[in-house]
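Read off the chains here:
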Amino acid sequence: MRQQKPPKRGVSLVWVLGGSCFCAGLLLGFTIEHLMYQKPVHAEVMQSHTAQGTNSNTRSLPRALGSTETSTSKVSEEDSIMATAHHAVGKAAAGTGSQHKWPGDTIHTLFTSSGDGYQNYQTRILWGTYNVAKKMPGGEKLTGFTRILHRTVPDVLMDEIPTFHAPNTRYANCDDGACEYPVANRPTAIRQFFEAAAKNSSLVQGAWMLMIETDYVVMRPHKAPGDAYDPSVPGAQFYYDYIMPQHPDAVPWIQKLLGPGKDIKTVPASGPAPVMLRLQDWLTIIPDYEAKSIQMEQDGPMKKQLGWVREMYAWDVAVAMHPEIKILTQKPPDTILIVQPPFDEGLGNASMCHYTWAVQYKDKNEKRKDVYVYRWEKRDFTDMKYVLKVPVVPTPPDYTGVEPWLLPFDAPLNMKRHKLNCEYIAQVNKGIATLPDLTEHYQKFTSEILPAWRSQRQAGLAAAQS
């Protein structure tokens, strides 16, 4: 039986109140971690519906893959967002027009980011390992890579990472994770990208569209679930063992979201990443995903009960509302998506490692709190210097299987876990080796590029209001 592992993005209050053996300290620790890294997602973008990089007048500015200049009004207004969520995407889909037909096993990888130092450190590792995987056999199937940047201003990575910039945010103070619940912005940003993609087919770069997160390491080329043009082939998403929509404490709130008389057993235990679906499937689910997330944010008791993972429940309810879209919710070792070191015991069928938790070895006889045999912890790399010049990660020490070493949460280390840790850290370092030093670019970005962008945007907004 696969060992139950601690949760990825904050411990759901449902889980804690339901009698989990995890202590209140774990809840606090992962609530803080959630604030740190699961950033918002927002929406609008820099140009008009042409959405095709920079034009001839803006070549010195950061290049974004696209934009959807919608309105200068605040997207935090609930009624307008709800209306946009339910109508704009459908209208855009109807006007998609001719599209390049990608081979049915090609994959476009997407992820969201707020562009802060913490996520940008992870983003550069993700980008490096993705490019390493592209050079492996099967890498030709990785046909697109897009960062959805939900940030009020550009960031230093826009000239390195293919980026769709969405500067109009639901919560304008979320660039650095300072708002109350940054994750509430994620559905809006995802919707904005797919709305633009439906209007401009050049933003769609594969038959399958895979949503991931910044803290993933691409170990090998992703596998498609099958031919995207065969309607019998289901999509894929990951099973999270701490998402429990059928738990008695969760049931009243999930039922309220799902609607009276709807079967709550149809709600999966997943979240919006990693998920691999066709474009039309994303367009169908996203309006309800966004709407349910907004509904949660307006319901104080629901927010309190579902906790920091409530946005994941919004995705699950939205999926359940569309039974016509078939999605397999898979666990390791069967999943084609991710494993989660340092607790999983091999890659299995997955193509990525998700490093929510530190690779941390501690001698069980060591009484001092912060003394480790080995430790690599992403939360130690929030400073901009780690973004500009990503340091090599030390290799884990030799392990024979007899050393009395423990993983986080006092989980036992074994040879299979150690082997996976070594393999994925080696892949991290292969990716880092491909990354240039951005120190000089950052100086130019802060002194020239960003001020020019601000000036141009102000001029554009003024012209739009005149």
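Described in the following lines is the structure provided in the data block.

**Observations regarding the environment of Thr 163**
Looking at the secondary structure, you find Thr 163 in strand β3 (residues 163-165). Given the relative accessible area of 0%, Thr 163 is considered buried. At a separation of 3.1 Å, a polar atom in the side chain of Thr 163 contacts the side chain of Arg 147. One polar contact links the side chain of Thr 163 to the main-chain carbonyl oxygen of Ile 161, over a distance of 2.7 Å.

**Points about the pairing of strand β11 (residues 359-363)**
Most of β11 is tucked away: four of the five residues are buried. Pairing geometry for β11 and strand β12 (residues 374-376), over three bridges, is antiparallel. Opposite Gln 360, over in β12, you have Arg 375 as the bridge partner. Relative to strand β13 (residues 405-406), β11 runs antiparallel, the two sharing two bridges. Bridging across to β13, Lys 362 finds its partner in Leu 406.

**Comments concerning helix α6 (residues 251-258)**
Looking only at α6, the buried set comprises Ile 254, Leu 257 and Leu 258. On an axial view of α6, the arc spanned by its buried residues comes to 95°, and they lie on one face. Looking at the buried residues of α6, the elements they touch are α7 (279-297), α8 (300-306) and α9 (310-320). Remark: Gly 259 follows α6 within two positions and exhibits a positive phi of approximately 110°.

**Concerning the side chain of Asn 429**
Relative to the helices and strands, Asn 429 is located in helix α11 (residues 415-432). Residue Asn 429 is classed as buried on the basis of its relative accessible area of 16%. Not counting residues within four places of it along the chain, the set of residues in contact with Asn 429 comprises Val 392 and Val 393.

Rules of the game
- Residues numbered from 1 in each chain as written.
- Predicted model: local features only at pLDDT ≥ 70, side-chain atom pairs only at ≥ 80, totals over all residues.
- Heavy atoms only, no water.
- Helix = DSSP H or I, 4+ residues; strand = E, 2+ residues; numbered from the N terminus.
- Buried < 20%, exposed > 50% of the residue type's maximum accessible area, 1.4 Å probe, protein only.
- Polar contact = N/O pair within 3.5 Å; in protein donor to acceptor, adjacent residues only side chain to side chain.
- Pairing = 2+ DSSP bridges.
- Arc of directions from axis to C-beta.
- Contact = heavy atoms within 4.5 Å.

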